[in-house]
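# Coordinate inspection notes
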Amino acid sequence: MHVPNGFLDAPTSMATGAAAVVCVGAALAGARRELDDRTAPMAGLVAAFVFATQMLNFPVAAGTSGHLLGGALAAVLVGPWTALLCMSVVFLVQSLLFADGGITALGTNIILMGVTTVVVGWLLFVLLRALLPKRPSLVPLEAGLAAMVSVPAAALVFVGLYAAGGTADLSLGELAVAMVGVHTLIGIGEAAITFLAVASIVAVRPDLVYGARPLLARRELEIRATATEATA
Amino acid sequence: MRRVSFRWVALGALVVALLLAGVVSHYASSEPDGLNRVAQDHGFSQTEKDHEADAPLAGYAAKDVDNPRLSGGLAGVVGVVVVLALAGGLAFVVRRRGPAS
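These numbers were taken from a predicted model, which means no experiment stands behind them.

### A word on the overall build of chain A
Along chain A, the regular secondary structure elements total eight helices and two strands. Reading the secondary structure of chain A in the N-to-C direction produces α-α-β-β-α-α-α-α-α-α. In terms of its C-alpha atoms, chain A occupies a principal-axis envelope of roughly 75 × 35 × 25 Å. Each of the 232 residues in chain A was classed as buried or not, and the buried ones make up 58%. Look at the contacts in chain A between residues 6 or more apart in sequence, and 76% of them connect residues 24 or more apart. With an accessible surface of roughly 8500 Å², chain A has 72% of that area assigned to carbon and sulfur atoms. For chain A, the distance from the average position of its 11 positive side-chain charges to the average position of its 13 negative side-chain charges is 13 Å.

### Let's talk about the overall build of chain B
If you tally the helices and strands in chain B, you get three helices and zero strands. Its helices and strands in sequence order give chain B the pattern α-α-α, from N to C terminus. Expected size for 101 residues packed as a compact globule is a radius of gyration near 13 Å; at 19 Å, chain B overshoots this value by more than 25%. Counting only residues that meet the buried cut, chain B has 34% of its 101 residues in that class.

### Observations regarding the environment of Pro206(A)
Residue and element names in this part refer to chain A. As for its placement among the helices and strands, Pro206 is situated in the loop between α7 (172–204) and α8 (213–231). Residue classification places Pro206 among the buried residues on the basis of a relative accessible area of 17%. As a C-alpha pair, Pro206 and Gly71 span 135 residues in sequence and 19 Å in three-dimensional space.

### Quick notes on the interface of chain B and chain A
At the junction of the two partners, chain B supplies 62 residues and chain A supplies 71 residues. Both sides together, the interface formed by chain B and chain A hides about 5500 Å², and carbon and sulfur atoms give 71% of it. One salt bridge connects Arg3(B) with Asp207(A), and the closest N-O pair in it is separated by 3.7 Å. Counting across the interface, chain B meets chain A through 23 residue pairs in polar contact (both at pLDDT 80 or more).

### Details of the packing of aromatic side chains
Under the criterion given, the structure shown has eight aromatic pairs over all chains. Measuring from centroid to centroid gives 5.3 Å for Phe51(A) and Phe98(A), while their planes differ by 50°, and the two rings are tilted. Of this pair, Phe51(A) sits in helix α2 (residues 40–54) while Phe98(A) sits in helix α4 (residues 80–98), and the two are 47 residues apart along the sequence. Comparing Phe51(A) with Phe98(A) shows no difference in burial state: the two are buried. Taken together, the ring pairs connect Phe7(A), Phe158(A), Tyr162(A) and Phe44(B) into an aromatic cluster.

### As for the pattern of salt bridges
Inspection of every chain in the model, using the stated rule, returns seven salt bridges over all chains. Note that Asp36(A) and Arg96(B) form a salt bridge whose closest N and O atoms lie 3.3 Å from each other. Linking Asp36(A) in the loop between α1 (10–34) and α2 with Arg96(B) in the segment after α3 (68–94), this pair reaches from one chain into another. Taking relative accessible area as the criterion, Arg96(B) reaches 27% and is therefore assigned partly exposed. Across the pair Arg205(A) and Asp207(A) runs a salt bridge whose closest N-O atoms are separated by 2.9 Å. For Arg205(A), a relative accessible area of 5% corresponds to the buried category. Given the relative accessible area of 15%, Asp207(A) is considered buried.

### What to know about unusual backbone geometry
Residue and element names in this part refer to chain B. The backbone phi angle of Tyr60 is positive, close to 55°, even though this residue is not glycine. Of note in this structure, Asp64 is not a glycine but carries a positive phi near 65°. Among the secondary structure elements, Asp64 is positioned in the loop between α2 (34–41) and α3.

### Overview of the side chain of His183(A)
Mapped onto the elements of the fold, His183(A) is located in helix α7. The contacts of His183(A), once residues within four sequence positions are left out, are Met1(A), Val151(A), Pro152(A), Ala155(A), Gly34(B) and Leu35(B).

### Focus on the nonpolar core
With 91 residues, the main nonpolar core has Val139(A), Phe158(A), Leu175(A) and Phe44(B) as its most contacted residues. Setting aside residues up to four positions removed in sequence, Val139(A) forms contacts with Val76(A), Phe125(A), Val198(A), Val202(A), Val209(A), Gly211(A), Ala212(A) and Leu215(A).

### Considering the packing of α1(A) against α4(A)
Residues and elements named next belong to chain A. Contact geometry for α1 and α4: axes closest at 7 Å, N-to-C directions at 130°. Regarding the angle of α1 to α4, the classification is oblique. The two elements α1 and α4 meet at a crossing, and its hand is left-handed. Across the interface between the two elements, Cys23, Val24, Ala26, Ala27, Leu28, Gly30, Ala31, Arg33 and Glu34 from α1 touch Pro80, Trp81, Thr82, Leu84, Leu85 and Ser88 from α4. Of the residues contributing to the contact of α1 with α4, the split by class is ten nonpolar, three polar and two charged.

### A look at the side chain of His2(A)
Mapped onto the elements, His2(A) comes out in the segment before α1. Within the local environment of His2(A), its side chain forms a polar contact with the side chain of Gln94(A), the two groups lying 2.7 Å apart. Not counting the four nearest positions on each side in its chain, His2(A) is found in contact with Gln54(A), His67(A), Phe91(A), Gln94(A), Asp100(A), Gly101(A), Asn109(A), Met113(A), Asp33(B) and Leu35(B).

Rules behind the numbers
Residues numbered from 1 in each chain as written. Chains lettered and ligands numbered in written order. Predicted model: local features only at pLDDT ≥ 70, side-chain atom pairs only at ≥ 80, totals over all residues. Heavy atoms only, no water. Helix = DSSP H or I, 4+ residues; strand = E, 2+ residues; numbered from the N terminus. Buried < 20%, exposed > 50% of the residue type's maximum accessible area, 1.4 Å probe, protein only. Contact = heavy atoms within 4.5 Å. Areas by Shrake-Rupley, 256 points an atom, 1.4 Å probe, with all protein chains shown as cover. Lys, Arg positive; Asp, Glu negative; His and termini not counted. Charge placed at Lys NZ, Arg CZ, Asp CG, Glu CD. Rg over C-alpha atoms; globule rule 2.2 N^0.38 Å. Buried area = accessible area lost by both parts, 1.4 Å probe. Salt bridge = Lys/Arg side-chain N within 4 Å of Asp/Glu carboxyl O. Polar contact = N/O pair within 3.5 Å; in protein donor to acceptor, adjacent residues only side chain to side chain. Phe/Tyr/Trp six-rings, centres within 6.5 Å; stacked < 30°, edge-to-face > 60°. Core = buried A, V, L, I, M, F, W, Y, C linked by side-chain atoms within 4.5 Å. Axes fitted to C-alpha atoms, helices over the stretch in contact; angles between N-to-C directions. Parallel < 35°, antiparallel > 145°, perpendicular 65-115°, else oblique. Left-handed = near helix turned anticlockwise from the far one by under 90°. Nonpolar A, V, L, I, M, F, W, Y, C, P; charged D, E, K, R; others polar.

This is the structure we're talking about:
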């Protein structure tokens, strides 16, 4: 979904650039609460994994492909603030080294594929985690479902930006239907990759999965409470 | 439960990322992605302007490497290493100091 130069006009690109600077600044402050000596290396690995997986376009319909966006995946693995930093690094490197996504469109791409997928993915994940049984084994499923919705959500944000500053005159309703339609299909792939990646880590080290940690702490507390009662 | 050390998890994740970017990427679909397809169908793909920079790995291919499998794989591996270093370095600068809580 990398937006190239030229799709959006200069004022809109400047506005998304400013918004991206504010979001990344907030993420730098927020990530401090999520990162310590143990979790910091995870951030680098998650960013590298998202970069690698974004190279893997999978076919979704005749003549159309899609790739992982990864905001929901990163948020569940390392926390939402750190996830936004990871995603921003990926888009920066893709734009400067690989000419994937325009440099004037970098802010747009951070807002679309970074902020949107992280925020929608994380909030939906937290909601599902609260509603479903509190088991670490359900975390990959919750992450996958959240990831699935985050992709069409990003497509809708693109339509919103196009309404504000698209450089071609076209029907926004048709654009919205087409964008959400194809990205709903891509969302299924996003869900599958997110499920598999989160499930792999939860299987070996659930404590390394940021989104699973409250469930583990809860279980430990229950055990300790029982032990205290027994000795009392 | 058998506890896998962080070292092994990190090594596993890194190997998977390098294999995906360095080898599997060769088999990725080269069809336009969702946004580019919609841009073609709805007639605004011609509004795309050229990228500003003479990017060294433009199009996920290493310059001056003729073999497409090698060129793409090399670009992918370089990308993984650069992203890992930048994001990992940033996380280390931002993190709370002192022992893990």
